[in-house]
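Given next are the chains, with one letter for each unit.
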Amino acid sequence: MQSGGRAFVLTLVAAGAWLFATPLGPGVLGIDSPIQEPAPAPAPVVEPPPLTLDELSARVDPTVVTLAASAGFSGVAGTGFVVAPDGIVLTNFHVVENATEISAVHMGNGLIYDATVLGYDKSRDVAVVQLITAVDLPVVELAPDPLPDVGDAVVAVGNASGAGVLVPAPGAVTALDQQVRTRSSVDGSGNTLDKMIRVDADVRAGDSGGPLFDAWGRVVGVNTAGLSDEARNGTEFSPPQAPEAYAVPISEAVAVLDQVIAGQSGGTVHVGPTPYFGVSVRDVSVFENKPAMGAAVVSVTSDSPAEALGLSAGDVIVRFDGAEIGSSPDLSEALLGRRPDDSAVVEWVDDTGATSSGTVTLAAGTPTA
């Protein structure tokens, strides 16, 4: 893991008025300027006393939702929190990844909402979800500073173990600017996350996407990763581990939120419905007799746009709608700004070294990288 820190300096710039006096010449009387009393020093900002756990729960629980996302016969339970009265919710991308149906239970009014994904960023594990038909919902308060300090008291709130009940997990910030490798409990896929906040709160499966609050009930992060049940409880071969969890800083999550609300796909952020191509790819191995650069096709899904185009396993995609594809992430990035029904010219090289090209029309897919 990498650790580090950043100091933020707030500089107060006062706009002052300059008094210019005309130089005195012969026969000109000078009039003394009135003496100005110095302005009183501003009163120091005094934080109210920290909330008790019961007070914090009473204040923040009505801003939290439990989430259920399903894809075929599998499902994921998670958490989110309301950032706009019309039902805009922040959560983790991995909670809604590949979901065909999403529902949310608002913990303030008890209502169940259908939900849809407005946009996401897998690289930061953040998704923006809309609760359909929601109005006048209470919203969270965001922390005024970009990051908490090491040692600050925090509370993770979420749908622990997917039980549908909010469970607070108190702890403290133990490190900032951490890099962590996560593993999906659903399909085992991995993801490397940077700039994470490390805490010693007992975050569990189901807490993903929930808010990490400071001692005054302000959101400082999005709970994202915690220990597995085996690590928490121990096994016959290893003792239980002390609580350790990670959260996305709220400033990172808000950056994704702002871009999604602005409707601008770009960088690692996708906005709107997800396009579906129908291939899985990997980087080209230097040991293969293939183009040195490109996205090597591992498999092609039946009845997909990629199959209709004529792609097969072993082909190497080298260009997508004019953009050179040098690696599998390049293809993901090329698809990121696309929407269902968009068309693109794809160029690839087959096992014999022959180059082919054709136009593909993307279908509608589920949130994915």
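Computed from a predicted model, the values in this text were never measured in an experiment.

Undergrad: Explanation requested: the environment of V300 in the structure shown.
TA: Residue placement: V300 occurs in strand 17 (residues 295–300). Along the backbone, V300 and V281 are 19 residues apart, and their C-alpha atoms lie at a distance of 9.1 Å. Look past the residues within four positions of V300 in its chain and what remains in contact with it is G278, V279, A306, E307, L311, S312 and A313.

Undergrad: Teacher, can you tell me more about the nonpolar core here?
TA: In a soluble, globular protein the nonpolar side chains are often hidden away together inside. Judged by nonpolar contacts, the single largest core of 31 residues is most densely connected at L56, F81, L90 and I250. When residues in this core are grouped by element, the largest group, six residues, is from helix 4 (residues 250–262). In contact with L56, other than residues within four places in its own chain, are L51, D61, V155, V157, F213, D214 and G217. Y113, A115, V129 and A134 belong to the second-largest nonpolar core, a separate cluster that totals 20 residues.

Undergrad: What is the right way to look at the environment of V173 in this model?
TA: Mapped onto the secondary structure, V173 falls in strand 9 (residues 167–183). When the C-alpha atoms of V173 and P148 are compared, they prove to be 7.6 Å apart, with 25 residues separating the residues in sequence. Discounting chain neighbours no more than four positions away, the residues touching V173 are P148, D149, V150, G151, D152, V154, I197, R198 and V199.

Undergrad: Even after reading the chapter, I still don't get helix 4, so can you show me in this structure?
TA: Spacing of three or four residues puts side chains on the same side of an α-helix, whose turn is 3.6 residues. With 13 residues, helix 4 should reach 18 Å at 1.5 Å per residue; the first-to-last C-alpha distance of 18 Å fits that figure. Those residues of helix 4 that sit buried are I250, E252, A253, V254, V256, L257 and V260. Immediately beyond the C-terminal end of helix 4, within one or two residues, lies G263, with a positive phi of roughly 75°.

Undergrad: Quick question: what am I supposed to make of the pattern of salt bridges here?
TA: Should their charged atoms come close, side chains of opposite charge can pair. Counted under the stated rule, the structure contains eight salt bridges. Taking the shortest distance from any N to any O, the salt bridge between E97 and K122 comes out at 3.9 Å. With a gap of 25 residues between them, E97 in the loop between helix 2 (93–96) and strand 4 (101–106) and K122 in the loop between strand 5 (112–121) and strand 6 (126–131) connect regions that are remote in the sequence. The closest approach of N and O atoms between D214 and R218, which form a salt bridge, is 2.8 Å. One network of salt bridges, with partners in common, ties together D121, R124, K195 and E252.

Undergrad: So what exactly am I meant to see when it comes to the side chain of R218 here?
TA: Tracing the backbone shows R218 in strand 12 (residues 218–226). Other than its neighbours up to four places away in sequence, R218 contacts E47, E141, L142, A143, P144, L212 and F213.

Undergrad: Sorry if this is basic, but what is going on with the packing of aromatic side chains here?
TA: Centre-to-centre distance and the angle between the planes together describe a pair of aromatic rings. All told, the structure shown has two aromatic pairs when counted by the stated rule. Between F93 and Y120, the aromatic rings sit 5.0 Å apart at their centres with planes inclined by 35°, giving tilted as the arrangement. Here Y120 lies in strand 5 and F93 lies in helix 2, a separation of 27 residues in the sequence. Since its relative accessible area comes to 3%, Y120 is described here as buried. Geometrically, the ring pair formed by F277 and F320 is edge-to-face, given 6.1 Å between the ring centres and 70° between the ring planes. Of the two residues, F277 sits in the loop between strand 15 (274–276) and strand 16 (279–283) while F320 sits in strand 18 (residues 316–320), which places them 43 residues apart along the sequence. The two residues F277 and F320 agree in class, both being buried.

Undergrad: Is there a simple way to explain the confidence of the model for the protein in this structure?
TA: For any part of a model where pLDDT is low, the fine detail of the predicted coordinates should not be relied upon. Per-chain confidence: the protein averages 85 in pLDDT, with 85% of residues scoring 70 or above. Across residues 1–33, where pLDDT falls below 50, the model places 20 contacts with residues more than four positions away in sequence or in other chains.

What counts, and where the lines are drawn
- Residues numbered from 1 in each chain as written.
- Predicted model: local features only at pLDDT ≥ 70, side-chain atom pairs only at ≥ 80, totals over all residues.
- Heavy atoms only, no water.
- Helix = DSSP H or I, 4+ residues; strand = E, 2+ residues; numbered from the N terminus.
- Contact = heavy atoms within 4.5 Å.
- Core = buried A, V, L, I, M, F, W, Y, C linked by side-chain atoms within 4.5 Å.
- Buried < 20%, exposed > 50% of the residue type's maximum accessible area, 1.4 Å probe, protein only.
- Expected span 1.5 Å × (residues − 1).
- Salt bridge = Lys/Arg side-chain N within 4 Å of Asp/Glu carboxyl O.
- Phe/Tyr/Trp six-rings, centres within 6.5 Å; stacked < 30°, edge-to-face > 60°.
- pLDDT = per-residue confidence, 0-100.

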